[in-house]
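Listed below are the residues making up each chain.
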Amino acid sequence: MKKLFSLLFLFSLLLVRAQNEQLAANYYDRGEFEKALLNYEDLLKTQPGNFNYFYRVIECYQQLQQYEKAEKALVTQITKFKQGGTVVELGYNYQLQKDQNKATKYYDDAIERINKTPAEVYGIAYQFEKRGLIDYALKAYQLALQKEPNFKFNYQMALLYGQKGDMEMMIEMFLVDSYSNPQNLIMIQNQLARFMTEDSSVTFNELLKKALLTRVQKSQDIFWNQYLSWYYTQMKEYGKAFIQEKAIYKRNPDTFANIVNLAQLAIEENEPEVAKEILEFVLANTKDLDLQIQSHAYLMQLKIDHATEKDFPSIDSELDNLIKEFGVSPFSLALLKIKSHFATFQLKNPELGKQILKNTLEMPLDKYQVAEIKMELGETLLFEEKFNQALIYFSQVETDMHNDVLGQEASFKTAKTSYFKNDFQWANHQLKVLKSASTQLIANDALDLFLLISDNTVEDSTQVALKKFARADFLLFQKKTSDALAAFQTILKEHKGEPIEPVALLRIGKMYEAQNDFTSALSQYKQILDNHKECIYIDEALYFSAEIYNQLKDFDNAKPLYEALIMNHEDSIYFVNAQKKYRQLRGDKDI
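> Mind showing me how you'd approach unusual backbone geometry here?
Most peptide bonds take the trans configuration, and most residues that are not glycine carry a negative phi. The backbone phi angle of Lys98 is positive, close to 65°, even though this residue is not glycine. Of note, Lys98 is situated in the loop between α5 (84-96) and α6 (100-116). What makes Lys98 exposed here is its relative accessible area of 74%. You will see that Lys348, though not glycine, has its phi angle at about 55°, which is positive. As for its position among the elements, Lys348 is in the loop between α19 (333-346) and α20 (350-361).

Printed below as a string of structure tokens:
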């Protein structure tokens, strides 16, 4: 019993201390330094050796300009614990009083301590960095390395050079650390990628590429080819990344997974020719069945995406031959899914599509594979306008894969099915949740659909135009292109001047683009830019127009459109790409 009371007493003390610490931190964060000081002084009395409390007391003194009290406490602390970081703080206390000579004396004293005891660098460099004394922090690390070459401070020094704006030295330190400490590679590449996207000029990108190219040329280590491939991938220059991957393959033939991933990225970024070249290289050089099937699946999808109706018979025959070659099994699942989708949406034979999928579900599949097939089955039933049956399958995937991206995708398909069947209230209820989905693409799509429904409900409570639009969207989903186009054009005639008009123009523009009728597409986007300047689709109209002009090599018309998006729509999902394209057209040496 006595032991229990002791434990309860100890627990209550810890709880009170935690509450007092939180209270002190709240006062400090709100700038109520007198109250924070009283609380931190009380905490320090209970734990005299707690350096966090001590430094907070010092910071409160300094904020209250009680420099003499701070100095007295610092001198006592130095005498008692003899820590170099406290010497730095004493110097900083003089710097706050604009006594730079004394400040410099103590900074130099702290550096000298490293000369005698290199291990003190950790506390000293940290305190210099904390106080924004970057040059002194670098000096501390450099001296420690002279004394103890086995110390590893490349990462910390790289960050410090970055804070100074010395990009060249930051890159050098990061690359040195990447090579000597491969376990830090992903963390370092994340840091570099942040500078690649945030830097307002192309200088950083040029410096990084130059540093990597130099290492590739001087070294035979494929580590640097991999690094350069990563760089080009970040810059979305997939053709150049592929050159590096081929060089890696020649020296290490077991590296096809990265190459297939590169092809997938090229497909996602709408570079079909690069993707095709990569996939054909894979097929010519691997006997791995999984990679062969995956590559064939990507190639077939590319053909389908860029096919016209006259190509359908040959594509259908090629799919059948591939399935015959690799067999009907879980290993050929990707091909079976493509065959089913092609049968339903291109050949308009949903019965065949369903039969393939139902037969596939009879095979020994894992949980993820079952979810994928159920998703496809839901889409096929949706194509047939069997909305409730489709919802059953999407809901099953939502439940079974609720912690997975596939579960979020199923949630979006559930919402979209509700939209197609004109249950707009329930669709928006689901879309509200999906707007914060972890997958950016799903979050963006959910937001777009949410805004479409919301914007066209406010002025029209009967949702007449929205119902017509949902039907036209459904025809587009079914790939009944001519019917969808006619439906959208009818909406423009019957609902001119209503909120539905700009989004209808946008849909028609994208349909004309898909048909390579760029003149008609530009005409739709121009109507948005001229007549709907305040609508939420302006950034898309700007970007899509600029992209068409860029593709047509009409750079004089493309450039001002990219510029308008950059200047006026910083929150657009197209902002980063527009910025990159604009810099290219402006004539920057490297992007």
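Back to the text.
> It is not clear to me how the packing of aromatic side chains should be interpreted in this structure. Could you clarify?
Remark: the centre distance and the inter-plane angle together describe each pair of aromatic rings, the angle taken between the planes. Applying the stated criterion across every chain yields a total of 38 aromatic pairs. Considering the side-chain rings of Phe51 and Phe81, the 5.1 Å spacing of their centres and the 70° angle between planes classify their relative orientation as edge-to-face. Taken together, the residues span a long stretch of sequence, with Phe51 in helix α3 (residues 51-63) and Phe81 in helix α4 (residues 67-81) at a distance of 30 residues. A relative accessible area of 24% places Phe51 in the partly exposed class. A residue is classified by how much of its surface remains accessible, and Phe81, at 30% relative accessible area, is partly exposed. Judged by centre distance (5.6 Å) and plane angle (40°), the ring pair of Tyr419 and Phe420 falls under tilted. Look at Tyr419 and you get buried, because its relative accessible area is 0%. Residue class for Phe420 comes out buried when judged on its relative accessible area of 8%. Chaining the aromatic ring pairs together yields one cluster made of Phe345, Phe383, Phe387, Tyr419, Phe420, Phe424, Phe474 and Phe477. The ring of Tyr28 is capped by Arg56, whose NZ or CZ atom sits 3.9 Å from the centre of that ring. The ring of Tyr106 carries the charged tip of Lys105 above its face, separated from the ring centre by 4.6 Å.

> Please explain helix α7 (residues 121-130) as it appears in this structure.
When we look at burial in α7, the residues that qualify are Val121, Ile124, Ala125, Gln127 and Phe128. The buried side chains of α7 occupy one side of the element, clustering within an arc of 160° when seen end-on. The elements touched by buried residues of α7 are α3, α5, α6 and α8 (134-147). In the segment just after α7, Gly132 is the residue with positive phi, at about 75°.

Criteria and thresholds
- Residues numbered from 1 in each chain as written.
- Predicted model: local features only at pLDDT ≥ 70, side-chain atom pairs only at ≥ 80, totals over all residues.
- Heavy atoms only, no water.
- Helix = DSSP H or I, 4+ residues; strand = E, 2+ residues; numbered from the N terminus.
- Buried < 20%, exposed > 50% of the residue type's maximum accessible area, 1.4 Å probe, protein only.
- Phe/Tyr/Trp six-rings, centres within 6.5 Å; stacked < 30°, edge-to-face > 60°.
- Lys NZ or Arg CZ within 6 Å of the ring centre and 35° of its normal.
- Arc of directions from axis to C-beta.
- Contact = heavy atoms within 4.5 Å.

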